[in-house]
Amino acid sequence: MGDYILSQGIGYGYIVGLGSAFALIMVAITYTLAKYMNQMQNSERFTTAARSVNSGLISSAVVSSWIWPASLLTSGLWGYTYGISGGYLYGVSGTTQIFAFALLAIEIKRIAPACHTIAEIIKARYDKPTHWVYMFYITATNTMVASCLLLGASQGFNASTGINIIAANFLLPLGVCIYTATGGLKATFISDWIHTVIIYIVVLILCFKVFCTSDIIGSPGKMWDMLQEVQEKFPSTSGSNYLSFRNPEMFMTTWSVCVGGFGSVFGDPSYGQKAIAASPSGVLSGYIIGGLCWLTIPWALGTAGGLAARAMLIYPGFQTYPNELSSSEASAGLPVIYAYGAILGKSGAAAAVLTLFMSVTSAMSAELIAFSSVATFDVYRGYINPAATGSQLVRFSHLSTMGFSLVVACVSIIFNYVGVSVGWLIGFYGIILVPAVSVLTYSLYWKKTSSFACTYGPPASTLIGIACWIGSAQAYHGAVDKATLMTSEPSIIGNFVSLGSSLLLIPLLTYIKPNPEGDFDFTTLQTSFKAGDDADDDEIKAMVVSEEEQATLKKASKIAITLNIILMGGGYLIVPLCFYGTDYTFSKKYFTQWVIIMMICLFIAGAYIIIFPLYQGRHDLMDLFRAIKAGKPSSSVNSGEVNSSSDEAEMVQVEGQETKVTEA
């Protein structure tokens, strides 16, 4: 592939040096919170962060979880390959998933506030076979997502610095495993915020440099001129031009990734963990604002990174001048890194690789804690040791966190040697695992859904999706192999059929064989989950949602439905399809307006993610600083963490045991 843009020393410096430093910092933060704020890592806090996380941190966690290395690199690749539509469509497709999951997050908080994992809801509602089938889907999704995180990052590090891929796969999760096992879900949220802040700063620097101060581009008008020249030398092969939305392959790709991505969101237990950890008042704003903030990053990278890389193909100082990127360079996601390098020099390329490191480590932390939660509460306490103490639960969580990090590193290495990219895997596991979307959705919203339907409907849907996927590859390309399976037509057909089959089969099988006990009573989920014996009063109290909070969540659900219609109907269908149908080519003036709007949105999102979590936590921060100064624990421990609308004592029924909760 030619000379690497950065040295191996920089690659190992990030993975080993920065990874170790960050692990030490996070361990120190966890120790400080335990010593001065009495936030000890018991079984409840480790898994659910005491169900008290405010909207600001939820938003930063949402951004962090959706910003995979593949998101950073692929949004730039789509901008480089497809032009002006690439970054925007990548961003709005992911935001559609976030907005849709916000509905489920609200419902989880409303009807099952005491659960520890989304699989616990399935266990409480259905029989054992259904629970095991669902656990297979979410564990497989968890493993695939975590492996894709490592695969995308290790391939990106290898392509940009030349470091050994095997070493990268084992070293990248090492520091993450240490601070996740030490600090639990709360450490994950803090880590998410720090990582997201760094990513926003780097992306903002790139955008302002590209469109404001760069000697190479320096303005939207100059980029427009360069794209006109590039269109003549390297014309678009799949669309009208790089300044038009008229690109059929782009639309099929984005819809395929969007539908398949629903499986990696609805079926990934890490996304449910955020809903469980959120305070009732923070669920809606946390997910919705987080989704809007996330949209700005791929939109910016597709525009300032991908389009810049395309425009600079005529610039003599560009990495591949006078040629386009090779297919291997493009598939490794190098357009963004090359753009950073050309605009900002070696330090810019190093900053781009830094965002890779930040994205993989923060998202990996969420995946580790999600797996450990399912392994601990659904498997260990659910079937192996139902009477497990809090200390036993924490110990098992630590062991499962370490074991899972080793497993996903091995799986990622296997994928690398098989020769598949992250894009290939996303399409593949979307077809295989997207039926889990229907199971969770029907289980939360439809009281008639039967165990029989949720046991046999998803596997049948997966098989139907695979059959259509393979059949369409043969029909469109005359052959079935790794390359033809991941072309646009088979991928979109396989994903749509797999999801659509499950949406149809589960109701059909429910009516064929309904639950013998009749319709499910959702109120039983209020008392179906048991706290660990080491939980404190505040943690037990947070397992109950008051009537006022119930009303707030019902209202939030209606707002979320409206926002979903606006985003899906307007942002993802009407606006892009109007551009597509008219074959409008952006004029220099309109392109300038497009860039200015993008940069304003990016700046507002960055300011919100950086500042608002600090503002919401200002009282806790002041308590912490006072406690450190005084050298003793704070007298206002956990102030503001648990929201309660009642000043009276409540009786919380937890699996038949009544626990009196008094106002803290």
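Residues numbered from 1 in each chain as written. Predicted model: local features only at pLDDT ≥ 70, side-chain atom pairs only at ≥ 80, totals over all residues. Heavy atoms only, no water.

## As for the overall build of the protein chain
On a plain count of helices and strands, the protein chain comes out with 25 helices and two strands. Against the globule reference of 26 Å for 664 residues, the protein chain gives a C-alpha radius of gyration of 24 Å, in line with a compact fold. Taken along its principal axes, the extent of the C-alpha atoms in the protein chain is 75 × 65 × 45 Å. Each of the 664 residues in the protein chain was classed as buried or not, and the buried ones make up 62%. Across the protein chain, contacts joining residues at least 24 apart in sequence account for 83% of those joining residues at least 6 apart. (Helix = DSSP H or I, 4+ residues; strand = E, 2+ residues; numbered from the N terminus. Rg over C-alpha atoms; globule rule 2.2 N^0.38 Å. Buried < 20%, exposed > 50% of the residue type's maximum accessible area, 1.4 Å probe, protein only. Contact = heavy atoms within 4.5 Å.)

## A few points about empty space enclosed by the protein
Summed over all chains, the structure comprises seven cavities of 30 Å³ or more. Elements with a contribution of two residues or more to the lining of the largest cavity: α5 (84–111), α10 (248–266) and α17 (422–433). (1 Å grid on protein atoms, 1.4 Å probe; cavity = no way out; pocket = protein on both sides within 12 Å on 5 of 7 lines; lining within 4 Å. Points joined across faces, edges and corners; volume = space filled by probe spheres on them.)

## Topic: the state of the cysteines
Throughout the structure, instances matching the rule amount to zero disulfides. Free cysteine: C115, not disulfide-bonded; nearest cysteine sulfur from C454 at 16 Å. Sulfur of C293: no disulfide; nearest cysteine sulfur belongs to C601 and is 10 Å away. On the accessibility criterion, C293 (5% relative accessible area) is buried. (Disulfide = S-S within 2.5 Å.)

## Considering the pattern of salt bridges
Under the definition given, this model contains five salt bridges. With its nearest N and O atoms 3.0 Å apart, the salt bridge here joins D623 to R626. Of this pair, D623 and R626 both sit in helix α25 (residues 618–630), separated by three residues, roughly a single helical turn. (Salt bridge = Lys/Arg side-chain N within 4 Å of Asp/Glu carboxyl O.)

## What to know about a nonpolar patch on the surface
A cluster of nonpolar residues, F208, I596, I600, F603 and I604, forms a patch on the protein surface that exposes about 490 Å² of accessible area. If you tally residues by element for the nonpolar patch, the top one is helix α24 (residues 588–616), at four residues. (Patch = residues over 30% accessible without salt bridge, like charges linked within 9 Å, V, L, I, M, F, W, Y side chains within 5 Å. Areas by Shrake-Rupley, 256 points an atom, 1.4 Å probe, with all protein chains shown as cover.)

## So, helix α9 (residues 220–233)
Helix length check: α9 (14 residues) gives 20 Å between terminal C-alpha atoms against 20 Å at 1.5 Å per residue, within 8%. Considered for burial, the residues of α9 that qualify are P220, G221, M223, W224, M226, L227, V230 and Q231. Taken together, the buried residues of α9 touch α8 (165–213), α12 (283–311) and α24. (Expected span 1.5 Å × (residues − 1).)

## Points about the nonpolar core
Counting 214 residues, the largest nonpolar core has M223, Y287 and M312 as the members making the most contacts within it. Looking at this core, the element that brings in the most residues is α8, giving 21 residues. (Core = buried A, V, L, I, M, F, W, Y, C linked by side-chain atoms within 4.5 Å.)

## Things to note about the layout of surface pockets
Rolled over the atoms, a probe as big as a water molecule pinpoints where empty space is left. In this model, the largest pocket occupies a volume close to 1,200 Å³. Among the secondary structure elements, those contributing two or more residues to the lining of the largest pocket are α4 (69–82), α7 (128–161), α10, α13 (327–331), α17, α20 (482–485) and α21 (488–512). Ranked by residues supplied to the lining of the largest pocket, first place goes to α4 with eight residues. Residues belonging to the lining of the largest pocket are distributed by class as follows: 19 nonpolar, 20 polar and four charged. Taken as a whole, the second largest pocket spans an internal volume of roughly 670 Å³. If you trace the second largest pocket, you find 24 residues lining it, with L57, K186, I190, G617 and L621 closest to the centre. When residues of the lining of the second largest pocket are traced back to their parent elements, those giving at least two are α1 (8–37), α8, α24 and α25. Ranked by residue count, the leading element in the lining of the second largest pocket is α25, at five residues. In terms of residue class, the lining of the second largest pocket is built from 15 nonpolar, six polar and three charged. (Nonpolar A, V, L, I, M, F, W, Y, C, P; charged D, E, K, R; others polar.)

## Observations concerning unusual backbone geometry
The general pattern is negative phi for most residues beyond glycine and trans for most peptide bonds. A cis amide bond, omega 10°, links Y321 with the succeeding residue P322. Within the element layout of this structure, P322 appears in the loop between α12 and α13.

## So, the packing of helix α3 (residues 55–66) against α24
In contact at an axis separation of 8 Å, α3 and α24 are set at 145° when each is read in the N-to-C sense. Seen from above, α3 lies across α24 with left-handed handedness. For the pair α3 and α24, contact is made by S55, G56, L57, S59, S60 and V63 and by Y608, I609, F612, P613 and Q616, respectively. Class assignment of the residues belonging to the contact of α3 with α24 gives a composition of six nonpolar, five polar and no charged. (Axes fitted to C-alpha atoms, helices over the stretch in contact; angles between N-to-C directions. Left-handed = near helix turned anticlockwise from the far one by under 90°.)

## Section: the packing of aromatic side chains
The final tally for this structure, using the stated rule, is 39 aromatic pairs. Each ring, one from F579 and one from W594, has its centre 6.2 Å from the other, and the planes form 80°; the classification is edge-to-face. With a gap of 15 residues between them, F579 in helix α23 (residues 547–582) and W594 in helix α24 connect regions that are remote in the sequence. Judged by its relative accessible area of 9%, W594 is buried. An aromatic cluster is defined as three or more aromatic residues linked by ring pairs; in this entry it consists of Y88, F245, W299, F579, Y584, F586, Y590 and W594. R246 extends its terminal NZ or CZ atom over the ring of Y580, reaching a point 4.9 Å from the ring centre. Lying across the ring of Y271, K274 places its NZ or CZ 5.5 Å from the centre. (Phe/Tyr/Trp six-rings, centres within 6.5 Å; stacked < 30°, edge-to-face > 60°. Lys NZ or Arg CZ within 6 Å of the ring centre and 35° of its normal.)

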